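# Descriptive analysis of the structure
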Amino acid sequence: MAERRTDIPPSTREHLAPTPGLDIELIHAEDTFVVINKPAGMLSVPGRGEDKADCARVRVQDRFPDATGPMTCHRLDMDTSGLLVLALDPETHKKLSGQFEKRRVRKWYAALLDCREAGPLEMRKDLVLGSEQRRIDLAHCVDWVNRPLQKIDWANGKHARTDATLIDHEQWTTPSGEAIPVARVEMRPITGRTHQLRVATVTHERITGPAGLNVSGGLGRPIVGDRLYGDERLAPRLLLHAEKLGFWHPWHGEWQKFEAKAPF
């Protein structure tokens, strides 16, 4: 059984131009995988071009130079902060990636929603979940005219399922000093689609579904600071954070759950 590592080397990022002021936080480390807290503004994997070489995977590779294989088991949007698990060898990568493919991994996100226009968020007893949560089931795909935005498309889109729970109503102070009403929600994605949580929050609560039927939509309130679907002037970053991550240990099979509290 792999033991928790204590000999964690410092980062020596001399081979790349690190993003100013950003670095990963190591949450847990073993011989076969690590769990990190990625900051908002950092890519999960390298992008195109030398200016996009810095990313969470490169930072982990730098701290663990003996790591081999693809390493990346899942991703977070650059604007989203929170927990990522990365494998340190090919066999562990295969085991962990298989859990993501089979939807055996559990992910919980914290988000603040802009309630200025739509008002306070209300949760009614959901017929599917049987509790005061919301099962959001949408189909969306890339909007090629306005990419990288996604659009609702019941014919060509992939189904994106998310469970949402209202935690509390709060106030958020914007960079300009304005206090605005927000809703703190916990969101648990069942699937893993591009911009899934951002689309689930911004889509209207009632929308036109397949065959023209009026169906339950999203939460009807964009995430605070969302530069793609909302108003980026409301916060210095997107207020979406992967707060908890649970999966089965790739070698001894015990349930593992990690947490990094939202910084907002």
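This write-up is about the structure you can find in this document.

Here is what the cut-offs are and how they apply
Residues numbered from 1 in each chain as written. Predicted model: local features only at pLDDT ≥ 70, side-chain atom pairs only at ≥ 80, totals over all residues. Heavy atoms only, no water. Buried < 20%, exposed > 50% of the residue type's maximum accessible area, 1.4 Å probe, protein only. Helix = DSSP H or I, 4+ residues; strand = E, 2+ residues; numbered from the N terminus. Contact = heavy atoms within 4.5 Å. Salt bridge = Lys/Arg side-chain N within 4 Å of Asp/Glu carboxyl O. Pairing = 2+ DSSP bridges. 1 Å grid on protein atoms, 1.4 Å probe; cavity = no way out; pocket = protein on both sides within 12 Å on 5 of 7 lines; lining within 4 Å. Points joined across faces, edges and corners; volume = space filled by probe spheres on them. Nonpolar A, V, L, I, M, F, W, Y, C, P; charged D, E, K, R; others polar. Phe/Tyr/Trp six-rings, centres within 6.5 Å; stacked < 30°, edge-to-face > 60°. Lys NZ or Arg CZ within 6 Å of the ring centre and 35° of its normal.

## Quick word on helix α1 (residues 56-63)
Across the eight residues of α1, six count as buried, placing the element largely inside the fold. In the core, the buried residues of α1 are packed alongside β1 (25-29), β2 (33-38) and β3 (81-87).

## Some remarks on the side chain of Lys 244
Position of Lys 244 among the secondary structure elements: in strand β11 (residues 240-248). Residue classification places Lys 244 among the buried positions, given a relative accessible area of 18%. For Lys 244, the contacting residues outside a window of four places in its chain are Leu 83, Arg 106, Lys 107, Trp 108, Glu 186, Lys 257, Phe 258 and Glu 259.

## Considerations on the pattern of salt bridges
Considering all chains together, one arrives at 18 salt bridges under this definition. Note that Arg 198 and Asp 79 form a salt bridge whose closest N and O atoms lie 3.4 Å from each other. Of this pair, Arg 198 sits in helix α3 (residues 196-202) while Asp 79 sits in the loop between α1 and β3; the two residues are 119 residues apart in sequence, bridging distant segments of the chain. As a salt-bridge pair, Asp 79 and Arg 227 come within 2.7 Å of each other at their nearest N and O atoms.

## Describing the pairing of strand β7 (residues 158-173)
Strand direction decides the pairing type here: strand β5 (residues 133-142) and β7, joined by eight bridges, are antiparallel. Its bridge partner lying in β7, Arg 134 is registered against Ala 164. Pairing between β7 and strand β8 (residues 179-189): eleven bridges, direction antiparallel. Note that in β8 the partner of Thr 173 across the bridge is Ala 179.

## Regarding unusual backbone geometry
Following Arg 147, the chain continues into Pro 148 via a peptide bond in cis, with omega recorded as 20°. Structurally, Pro 148 is set in the loop between β5 and β6 (150-152). In the Ramachandran plot, Met 71 falls in the positive-phi region, its phi being about 70° despite a non-glycine side chain. Following the sequence through the fold, Met 71 ends up in the loop between α1 and β3.

## Details of the layout of surface pockets
Computed from the structure, the largest pocket encloses a volume of approximately 1,200 Å³. Counting residues per element, the ones that place at least two in the lining of the largest pocket are α2 (90-101), β4 (106-114), β8 and α3. Sorting elements by how many residues they give to the lining of the largest pocket places α2 first, with four residues. Split into classes, the residues belonging to the lining of the largest pocket amount to 16 nonpolar, twelve polar and 14 charged.

## Some details on the packing of aromatic side chains
Applying the stated criterion across every chain, the model contains three aromatic pairs. Both rings, one in Phe 33 and one in Phe 247, keep their centres 5.6 Å apart while their planes meet at 80°; by these two values the pair is edge-to-face. Of this pair, Phe 33 sits in strand β2 while Phe 247 is found in strand β11, placing the two residues 214 residues apart along the sequence. No difference in accessibility class separates Phe 33 from Phe 247, as the two residues are buried. With a centroid separation of 4.9 Å and an interplanar angle of 65°, the aromatic rings of Trp 248 and Trp 255 are classed as edge-to-face. A residue is classified by how much of its surface remains accessible, and Trp 248, at 33% relative accessible area, is partly exposed. Through a chain of ring-to-ring contacts, three or more aromatic side chains come together here, namely Phe 33, Phe 247 and Phe 258. Lying over the aromatic face of Trp 251, Lys 95 brings its terminal NZ or CZ to 4.7 Å of the ring centre. Looking at Lys 257, its charged tip hangs above the ring of Trp 108, at a distance of 4.3 Å from the centre.

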